Amino acid sequence: MVHADPILEGLNEPQREAVAHQEGPLLVLAGPGSGKTRVITRRAARLARDAAPASAILAITFTNKAADEMRRRITALGAGAGMWICTFHSLGARLLRAYGQRIGVEPGFSIYDEADRKQTMKSAMEEASVGGHVLTVDKAIHAISAAKNELRTPAGYEVTARDFNERMIARVYEAYEALLKKQNAADFDDLLLKPAQMLGEDDDLRRMLNQRFQYLLIDEYQDTNHAQYLVARRLSELNQNICATGDPDQSIYGWRGANLDNILDFERDYPDTRVVRLEQNYRSTGAILRAASTVIRANRRRKDKELWTEGDDGEPLRVWRFASGSDESEHIAQNIVAMSQDGVDYADFAIMYRVNAVSRGVEDALRARRIPYRIIRGVEFYNRREIRDTVAYLRVLMNPRDEQALLRIINTPARGIGKKTIERLLIAAQNADETLLATIRRAHDVPGVAKGTAKKLRSFVTLLDRLSDHVEGPLDALVGQVLEQSGYEQYLREAEDDSSEDRLANVMELVTVAARYQQEEPDGDLDGFLARVSLTSDQDAVDPNAGCVQLMTLHAAKGLEFPVVFLVGVEQGLLPHERSLSGPFGVDEASLEEERRLFFVGLTRAMRRLHISYADMRAIRGRLTPRSASQFVGELPDSAAVVETISRATFRDARSRYNDQDAVWDEAEFAPADEAGQTSRRRGGFRPRPERRFEFQQTETYFSVDDPTTGAAPTERGRYADWSAGTWVRHDSLGVGQVIWIQPSSGQTRAAIKFAGQGQRVYILEHAPIHRLERPSPQ
DNA sequence: TCGTGAAACTTTTTT
DNA sequence: AGTTTCACGA
């Protein structure tokens with residue numbers, strides 16, 4: 001009898017087996033909700049305790065969020081210090097920073113995001129004079145990205161090019177690579193491809209890293225692409241201690257190059273692999289599991305698993321059919337209100353959809369009922385113009401060759417350097433074969449640049465030089481200096497439009513983001529901060545403590561769970577998306593299966609209640625189109641789902657609503673359809689917003705979240721929970737004010753505050769010198 | 001050079 | 001429907 005080991009405690013048999021396994025390759029096939037994260041974290045902790053120093057363990061995830069979560073849980077188990085826990089992309093960035101010079105990547109290189117890549121690709125196409133053909137920028141990006149994932153070089157691409165189009169792509173590819181190199185930049189693909197390449201070509205490096213990392217743990221292995229596969233393989237060559245966890249049924253990134261064969265053929269790649277299946281589900285009701293397993297069994301390319309639970313069958317899934325997308329939104333919002341009155345916390349709801357465009361209608365309905373919600377779009381913050389502008393300054397300071405960033409800031413805020421001048425500078429730079437910044441430094445002798453303009457360029461350069469003195473100092477101070485010295489802050493303060501206050505608040509938030517980063521990473525520098533900023537993903541924004549209904553795409557939902565899930569827009573053409581239905585050869589089976597996996601992922605996010613809905617009509621890109629139920633709806637087993645048609649019953653008398661504040665422009669949603677089923681566009685005028693009510697064909701009963709069986713943790717209330725519109729506050733320098741509105745969110749509660757005699761301004765409460773006044777101000 | 005408004009195009013998913 | 005690009009006038 002072995003003594004109880006706390007690390008193995010509370011695990012079921014296969015979980016224990018996976019945690020206890022030590023030497024040699026291990027494949028954990030983990031169904032949804034089967035305690036996979038638990039297994040990985042325990043295993044990592046156990047290895048650090050029994051097998052190797054923490055620094056010899058490398059754990060790789062797909063999102064920063066997952067990495068942070070894993071680190072937190074491993075730390076809670078008493079291990080983790082010194083362990084490498086990161087995403088594939090951040091691992092790539094780290095390796096490149098440390099060893100990239102061997103393949104021509106200088107330290108301090110910039111990471112080009114989608115927008116930068118697009119611009120660069122445009123330039124590359126111009127340079128290769130490939131414009132005007134059938135080849136579009138997007139097609140070039142796609143083709144070259146695919147080539148990079150396969151580790152094909154421009155030269156290699158050219159050799160195998162079979163037609164005119166491919167020869168064009170080869171030329172663009174070459175020009176694009178040359179640009180990246182000249183600008184010392186790497187795109188997202190490079191972060192995987194270059195390390196894979198380095199590890200393949202440089203025996204010393206590979207040997208060294210193989211000795212350093214004795215144990216490899218890779219999560220979401222079903223989503224690895226070829227480059228990631230090679231990194232994993234080349235890092236585990238010596239010890240063969242690779243533990244891959246994943247689920248072929250949840251592979252949803254095929255369009256990004258993920259190769260399902262990586263997990264399906266793992267046992268072939270690593271002989272003597274121990275395979276463990278985690279099939280017991282701790283998340284969902286029996287009905288939800290039955291529905292999910294039935295649906296996914298229609299796929300051919302998979303490894304069969306039996307999902308089962310010891311829990312109860314729960315309620316059947318509800319399949320709702322609506323007349324229109326807006327009915328769908330309204331009904332869901334109404335349902336959330338009803339359930340929340342019954343005690344279900346807002347944070348317990350999630351609304352999921354296939355494409356982002358669907359979220360708008362839902363948002364409107366939630367907003368109309370003042371239901372707090374949050375859209376999971378982590379990149380949103382970093383994609384704001386003001387943030388990109390500020391970050392661009394930082395990027396130029398880090399990497400003066402970063403042309404994308406330089407072009408962004410050269411006239412932001414406006415300093416009289418126009419398009420013509422920039423064009424001349426770019427040509428001069430190309431002729432002299434030097435970087436854009438070098439040309440700008442000698443602008444006075446660039447032909448065609450006027451004296452006055454040269455002077456402006458001079459002072460821009462001086463600004464950058466002055467700022468670079470602060471690069472070594474604290475990051476938040478650096479960001480502050482950028483905002484101040486560039487005039488960007490003043491520019492925002494003086495701007496008159498209504499968004500400028502928000503933008504100012506966002507920019508200030510970037511200062512605190514920088515401060516927080518430095519707190520978390522004591523030896524974090526500008527380079528690391530920029531990498532963090534570039535590699536933040538959508539999923540990283542999920543915050544279960546926000547007290548809000550969460551809206552997200554199905555892709556962003558992976559790995560999450562919610563007591564109540566609404567799957568909206570489950571319509572043919574949307575899920576499965578039409579791109580999988582109308583390929584060059586009709587239905588593309590492989591991508592149809594991926595769509596089905598996406599549906600499967602959605603189904604298995606739900607713990608207790610699951611609502612699936614579709615509408616007969618939906619406005620897509622401004623146009624009302626007829627829709628029909630997804631084929632996947634028909635694949636649900638009758639024993640687990642109830643289908644209901646929900647109709648709009650009554651409109652309140654239009655006239656009584658005329659004086660209400662929310663008369664709306666009729667967006668053709670209610671315009672009559674002609675005989676072809678097409679709706680005439682834009683034939684409205686102001687009409688009252690109809691009050692919609694729904695008939696329930698069945699009485700709704702909601703479970704209460706207090707119910708211990710749901711396992712829902714009591715929601716953490718923010719420290720501003722008792723603040724509301726009208727709350728009196730004091731600002732350290734502006735004095736007494738009153739809250740106009742407040743948007744709760746953990747860590748960054750926004751509020752608009754009005755001060756006597758001044759306008760209202762938006763603050764992030766956590767970071768502003770604002771305190772609550774206990775008593776209303778004595779007038 | 002810069003701001004305005006019209007036209008054109010876009011999107012499926014995202015590190 | 002929203003964003004980006006383009007053309008034009010100040």
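A quick note: this is a predicted structure, and the numbers were derived from the prediction, not measured.

What follows concerns the sheet that holds strand β1 (residues 26-30). If you trace the 6 strands from one edge of the open sheet to the other, you get β3-β2-β6-β7-β1-β8, paired in parallel fashion. Edge strands, defined here as strands with exactly one partner in the open sheet, are β3 (84-87) and β8 (274-278). Mean inter-strand twist for the sheet, computed between neighbouring axes without regard to direction, equals 15 degrees. Strands β1 and β8 of the sheet are contacted by helix α1 (residues 13-20), whose axis makes an angle of about 145 degrees with β8. Docked against the sheet, helix α3 (residues 64-76) engages β2 (57-61) and β3, running at close to 160 degrees with respect to β3.

In this section: the side chain of arginine 618. Within the secondary structure layout, arginine 618 lies in strand β14 (residues 606-620). At a separation of 2.8 Å, a polar atom in the side chain of arginine 618 contacts the side chain of glutamate 328. Setting aside residues up to four positions removed in sequence, arginine 618 forms contacts with Gly325, Glu328, Val358, Gly569, Glu571, Leu574, Arg623, Leu624, Thr625 and Arg627.

Another aspect to go through is the confidence of the model for chain A. Taken residue by residue, chain A gives an average pLDDT of 81. The fraction at 70 or more is 82%. Taken together, the stretch residues 650-717 has pLDDT below 50 and engages in 113 contacts with residues farther than four places along the chain or on a different chain. When the criterion is pLDDT under 50, residues 775-779 qualifies, and its contacts beyond four places in sequence or with other chains add up to 4 contacts.

What follows covers the pattern of salt bridges. Tallying each qualifying case throughout the model produces 58 salt bridges. Residue arginine 117 is joined to glutamate 114 by a salt bridge in which the shortest nitrogen-to-oxygen separation is 3.2 Å. With arginine 117 and glutamate 114 both in helix α5 (residues 114-127) and 3 residues apart, this pair spans about one turn of that helix. Given a relative accessible area of 6%, arginine 117 falls into the buried group. Arginine 117 is the partner of aspartate 187 in a salt bridge, and the nearest nitrogen-oxygen pair spans 3.6 Å. Highlighted residues: aspartate 187 in strand β5 (residues 185-187) and arginine 117 in helix α5, separated in sequence by 70 residues. The pair formed by aspartate 187 and arginine 117 is uniform in burial state, with each residue classed as buried.

Working note: a packed helix pair is described by the angle between its axes plus the distance between those axes. The interhelical angle for the contact between helix α23 (residues 475-485) and helix α25 (residues 500-520), taken along N-to-C directions, is 160 degrees, at an axis separation of 7 Å. When the axes of α23 and α25 are compared, the pair comes out roughly antiparallel. Seen along the crossing, α23 lies across α25 with a hand that is right-handed. Contacts between α23 and α25 pair Leu475, Asp476, Val479 and Leu483 from the former with Val507, Leu510, Val511, Ala514, Ala515, Tyr517 and Gln518 from the latter. Across the contact of α23 with α25, the residue classes tally to 9 nonpolar, 1 polar and 1 charged.

Calculation criteria
- Residues numbered from 1 in each chain as written.
- Chains lettered and ligands numbered in written order.
- Predicted model: local features only at pLDDT ≥ 70, side-chain atom pairs only at ≥ 80, totals over all residues.
- Heavy atoms only, no water.
- Pairing = 2+ DSSP bridges.
- Helix = DSSP H or I, 4+ residues; strand = E, 2+ residues; numbered from the N terminus.
- Axes fitted to C-alpha atoms, helices over the stretch in contact; angles between N-to-C directions.
- Contact = heavy atoms within 4.5 Å.
- Polar contact = N/O pair within 3.5 Å; in protein donor to acceptor, adjacent residues only side chain to side chain.
- pLDDT = per-residue confidence, 0-100.
- Salt bridge = Lys/Arg side-chain N within 4 Å of Asp/Glu carboxyl O.
- Buried < 20%, exposed > 50% of the residue type's maximum accessible area, 1.4 Å probe, protein only.
- Parallel < 35°, antiparallel > 145°, perpendicular 65-115°, else oblique.
- Left-handed = near helix turned anticlockwise from the far one by under 90°.
- Nonpolar A, V, L, I, M, F, W, Y, C, P; charged D, E, K, R; others polar.

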